[in-house]
Amino acid sequence: MREDSIMKKSSLRTLKERSIASSISKNNTYAQLLKRKRNEKRRTLEELAYGICSPSYLSKIENANVEVDEQYYQLLFEKLDIPYENILTNRNSQIFQEMIKKYLLYQYDEIQMIVNDAISSNTYCETELELLLLFSNIIRGFYEEAKLLMVKLEDLRNSLNNKELLFFVYLTALYFYKTNQTERAYQYLLVLCEIKYEDEIFKFAVYDLATEVFYLYGAYALFYQYYHLITTLEPVFLIAKRVTNHRMRALVLNASYTNILATEEMESFKTIIDLNDEEQRENYYYYLGCCYYQTNQYLKVLESTRDVKSARINALIASALNRIGDIKTALNYFDDLKKYSYTIYESVYAKHVEYIRRKFEQYNYTHLMSLLKNDLLVNQKDNFHAYFYQMEMFELASLGYEMGRYKETLRYTINNWMRIVNK
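Just so you know, these numbers come straight off a predicted model, no measurement behind them.

A.B. asks: Looking at this model, I keep getting lost on the packing of aromatic side chains. Mind explaining?
C.D. replies: Taken as a whole and assessed by the stated rule, the structure comprises 36 aromatic pairs. An aromatic cluster is present here, built from Y186, Y207, F214, Y217, Y226, F384 and Y389 joined pairwise through their rings. When the ring centre of Y103 is taken as origin, the NZ or CZ atom of R242, which lies over that ring, is 4.9 Å away.

A.B. asks: Please explain the layout of surface pockets as it appears in this structure.
C.D. replies: Empty space left among the atoms is revealed by rolling a probe the size of a water molecule over them. Counted as a void, the largest pocket has a volume near 1100 Å³. Around the largest pocket, the lining is made up of 37 residues, and of these Y177, K178, E279, E282 and R312 lie nearest the centre. Of the residues in the lining of the largest pocket, the class split is 15 nonpolar, 8 polar and 14 charged.

A.B. asks: Looking at this structure, I do not really get the nonpolar core. What am I missing?
C.D. replies: Here is a general trend for soluble globular proteins: nonpolar side chains tend to be buried in one another's company. By size, the foremost hydrophobic cluster in this structure holds 123 residues, and its most contacted members are Y170, L174, L192 and M266. The element contributing the most residues to this core is helix α14 (residues 200–217), with 13 residues.

A.B. asks: What exactly am I supposed to notice about empty space enclosed by the protein here?
C.D. replies: Following the criterion strictly, the structure yields 3 cavities of 30 Å³ or more and no others. Here the largest cavity is characterised by a volume of approximately 80 Å³. In terms of lining residues, the largest cavity is bounded by Y293, S319, N322, R323, H352, Y355, I356, L372, M391, E392, F394 and E395. When residues of the lining of the largest cavity are traced back to their parent elements, those giving at least two are α20 (311–324), α22 (347–360) and α24 (386–403). Residue contributions to the lining of the largest cavity peak at 4 residues, all from α24. Of the residues contributing to the lining of the largest cavity, the split by class is 6 nonpolar, 3 polar and 3 charged.

A.B. asks: What is the right way to read unusual backbone geometry from this model?
C.D. replies: Where the residue is not glycine, phi is negative for most of them; where a peptide bond is considered, it is trans in most cases. One non-glycine residue, A64, adopts positive backbone phi at about 55°. Tracing the backbone shows A64 in the loop between α5 (55–62) and α6 (70–79). You can call A64 partly exposed: its relative accessible area is 38%. Although it is not a glycine, N296 adopts a positive phi angle of roughly 65°. By secondary structure assignment, the location of N296 is in the loop between α18 (278–294) and α19 (298–304).

A.B. asks: What am I meant to see in a negative patch on the surface here?
C.D. replies: Together, D69, E70, E78 and E85 make up a region of like negative charge exposed at the surface. Structurally, the position occupied by D69 is in the loop between α5 and α6.

Reading guide: rules and limits
Residues numbered from 1 in each chain as written. Predicted model: local features only at pLDDT ≥ 70, side-chain atom pairs only at ≥ 80, totals over all residues. Heavy atoms only, no water. Phe/Tyr/Trp six-rings, centres within 6.5 Å; stacked < 30°, edge-to-face > 60°. Lys NZ or Arg CZ within 6 Å of the ring centre and 35° of its normal. 1 Å grid on protein atoms, 1.4 Å probe; cavity = no way out; pocket = protein on both sides within 12 Å on 5 of 7 lines; lining within 4 Å. Points joined across faces, edges and corners; volume = space filled by probe spheres on them. Nonpolar A, V, L, I, M, F, W, Y, C, P; charged D, E, K, R; others polar. Core = buried A, V, L, I, M, F, W, Y, C linked by side-chain atoms within 4.5 Å. Buried < 20%, exposed > 50% of the residue type's maximum accessible area, 1.4 Å probe, protein only. Helix = DSSP H or I, 4+ residues; strand = E, 2+ residues; numbered from the N terminus. Patch = residues over 30% accessible without salt bridge, like charges linked within 9 Å, V, L, I, M, F, W, Y side chains within 5 Å. Areas by Shrake-Rupley, 256 points an atom, 1.4 Å probe, with all protein chains shown as cover. Salt bridge = Lys/Arg side-chain N within 4 Å of Asp/Glu carboxyl O. Lys, Arg positive; Asp, Glu negative; His and termini not counted. Charge placed at Lys NZ, Arg CZ, Asp CG, Glu CD.

In structure tokens, the structure reads:
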């Protein structure tokens, strides 16, 4: 099932339209909860209103067209077998923000605890729970389950209130980022960054994700813009670890120009990174390896990443081996690299490694050129990664030169290189 058949940018357009119409505002959540719970329990207006108020007045309550005495909510919810006291005590009106905050603080286990508590409380409607489950599935890497929920929620987009729609579009962008669909994540974040946010946590989350995606996409001017923006945002306690990650990305970009200064600063981060955290450890050694690569210290790339395994680190190791050019060393490394199992979402790295492996196994130029043009660069259209894309374009130009295909290679290189230049 293709992602473009799932997400046709309908929710994105809906968000943009509401934003343009200045209708990103607060919603009456009790009124909406009442209406949704009534529909979930398949009760008509007449059935629920009987003995409490008229059906027409209940309709006005559900659509937030009247100021409602709390007693009406109490009677109506309890008629749906939902104690009103439970709603007051167990229902968290800031639950989306709380989950995002846990995500920003890398407290992933606590996200699942919030979801479990919400399910057991019976004070959230099905749509809200599906949004919470979508977030949990994305964080835990259950992408197929997340995809199914996204299809369902996309069909319900017009019934989502403004807070839910924002959350859903953010989660969609997060899903595309996590599954290496950088092009789609980029398009979503361009719109999300245009929204005016009153909530600082949500603003930080959007700008933080945007900074990551803009870096991956090669939109470096936007990367620096939002990297500096998030350092000005509250709350400060969220900033340190996240900003450190963005600083490491900036150092990779700076390494080609400042050489040893960027590398030394990157090396100094080892004292502040939690190397017991697997995600942080992989992140640090990947960007440290990128710094070494940018400063032509290819042996150090191999040394620094020796005990850390991930798809993108494998691609970086293969790139360093390609620069070193020692066939025996490379083939020994590839014997180890081929043991790694890539997910279907890591094709951009797997194909990069496979191309360099075949190069060392001395496949002929025609085969390698076909692999570059018809496999690697085609795959980059959906799973774009600017860092490795630039390496692959350099390979194509070099190979075309060796084959004597000067005009054809130059034309192809210029047309494809504009993808980066235009960002």
